[in-house]
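These are the residues of each chain, in order.
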Amino acid sequence: MKRVGILVGREKTFPEALIENINERGSGNTVADYLKLGGVRHDDPPRYDLVVDRISHEVPFYRASLKRMVLEGTIVINNPFWWSADDKFFNYSLAAKLGVAVPRTVLLPQKDYIPGITDESLRNLEFPLDWQGIIDYVGLPAIMKPFDGGGWKNVTCVNSLEEL
């Protein structure tokens, strides 16, 4: 019997419909249910043949667990290893290289850092940034959002140099 695990966040209709559809079509040979994760041992045998992942981009514990499952032969969609290379800046750069129109985009250093990061840790950063040059390049209004993550979290519309 093949097992499919569904890993989701707050979504309701999609995962329920997917589980129902897989179980109906699987006729007992393939079954789907919600994946449950607790204390994941490094030597656990795989419980699922396939995992559909809709949330590990926001929950590092899930992502680490999925990478372990891949090591044991589980197929995971969306690939948890790709996540580390998958960010908005990379995707915009890739799209532009492929000839897809993208808005002018600038990657900026983050505003806050984890404890222990000091000025010395950041000595390779240009400071101060050329804010006027950035605005001249991207134009106004400009949309600022984290290069990673999703769901329109922490998105800001900037209308002036002062707001930036």
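Residues numbered from 1 in each chain as written. Predicted model: local features only at pLDDT ≥ 70, side-chain atom pairs only at ≥ 80, totals over all residues. Heavy atoms only, no water.

1. Considering the overall build of the chain
Part 1 of the reasoning: Assigned secondary structure in the chain consists of four helices and six strands.
Part 2 of the reasoning: Along the chain direction, N to C, the helices and strands of the chain fall in the order β-α-β-β-α-β-α-α-β-β.
Part 3 of the reasoning: Structurally, the chain occupies a C-alpha span of about 65 × 35 × 30 Å along its principal axes.
Part 4 of the reasoning: For the chain, with 164 residues in total, the buried portion stands at 20%.
Part 5 of the reasoning: Long-range pairs, those at least 24 residues apart, make up 54% of the contacts in the chain between residues at least 6 apart in sequence.
Part 6 of the reasoning: For the chain, the accessible surface area stands at approximately 12000 Å², while carbon and sulfur atoms represent 56% of it. (Helix = DSSP H or I, 4+ residues; strand = E, 2+ residues; numbered from the N terminus. Buried < 20%, exposed > 50% of the residue type's maximum accessible area, 1.4 Å probe, protein only. Contact = heavy atoms within 4.5 Å. Areas by Shrake-Rupley, 256 points an atom, 1.4 Å probe, with all protein chains shown as cover.)

2. Focus: the pairing of strand E2 (residues 30–34)
Part 1 of the reasoning: Pairing geometry for strand E1 (residues 2–7) and E2, over five bridges, is parallel. When the bridges of E2 are listed, Ile6 appears paired with Tyr34. (Pairing = 2+ DSSP bridges.)

3. What about a nonpolar patch on the surface?
Part 1 of the reasoning: Together, Trp82, Phe90, Leu94, Leu98, Val100 and Val102 make up a nonpolar patch on the protein surface, roughly 540 Å² of accessible area in all.
Part 2 of the reasoning: Position of Val102 among the secondary structure elements: in the loop between helix H3 (88–97) and helix H4 (131–138).
Part 3 of the reasoning: Judged by relative accessible area, which is 30%, Val102 ranks as partly exposed. (Patch = residues over 30% accessible without salt bridge, like charges linked within 9 Å, V, L, I, M, F, W, Y side chains within 5 Å. Salt bridge = Lys/Arg side-chain N within 4 Å of Asp/Glu carboxyl O.)

4. Quick word on the packing of aromatic side chains
Part 1 of the reasoning: Per the stated rule, a full pass over the model turns up two aromatic pairs.
Part 2 of the reasoning: Centre to centre, the rings of Trp82 and Phe90 are 5.9 Å apart; their planes meet at 75°, and the pair counts as edge-to-face.
Part 3 of the reasoning: For Phe90, a relative accessible area of 33% puts it in the partly exposed group.
Part 4 of the reasoning: For the cation-ring pair, Arg3 lies above Tyr48, with the distance from its terminal atom to the ring centre recorded as 4.5 Å.
Part 5 of the reasoning: When the ring centre of Phe14 is taken as reference, the NZ or CZ atom of Arg54 above it lies at 5.2 Å. (Phe/Tyr/Trp six-rings, centres within 6.5 Å; stacked < 30°, edge-to-face > 60°. Lys NZ or Arg CZ within 6 Å of the ring centre and 35° of its normal.)

5. Details of the side chain of Ser56
Part 1 of the reasoning: Assignment of secondary structure puts Ser56 in the loop between strand E3 (50–53) and helix H2 (60–71).
Part 2 of the reasoning: Polar contacts involving the side chain of Ser56 include one to the side chain of Asp53, which spans 2.4 Å. (Polar contact = N/O pair within 3.5 Å; in protein donor to acceptor, adjacent residues only side chain to side chain.)

6. A few points about the pattern of salt bridges
Part 1 of the reasoning: Inspection of the entire model under this criterion finds six salt bridges.
Part 2 of the reasoning: The salt bridge involving Asp43 is made with Arg41; its shortest N-O contact spans 3.1 Å.
Part 3 of the reasoning: Residues Lys153 and Glu58 are paired through a salt bridge, measuring 2.6 Å at the closest nitrogen-oxygen approach. Within this pair, whereas Lys153 is found in the loop between strand E5 (142–144) and strand E6 (156–158), its partner Glu58 is found in the loop between E3 and H2, the two being separated by 95 residues in sequence.
Part 4 of the reasoning: Residue Glu58 is classed as partly exposed on the basis of its relative accessible area of 36%.
Part 5 of the reasoning: Through salt bridges that share partners, Arg41, Asp43 and Asp44 make up one connected network.

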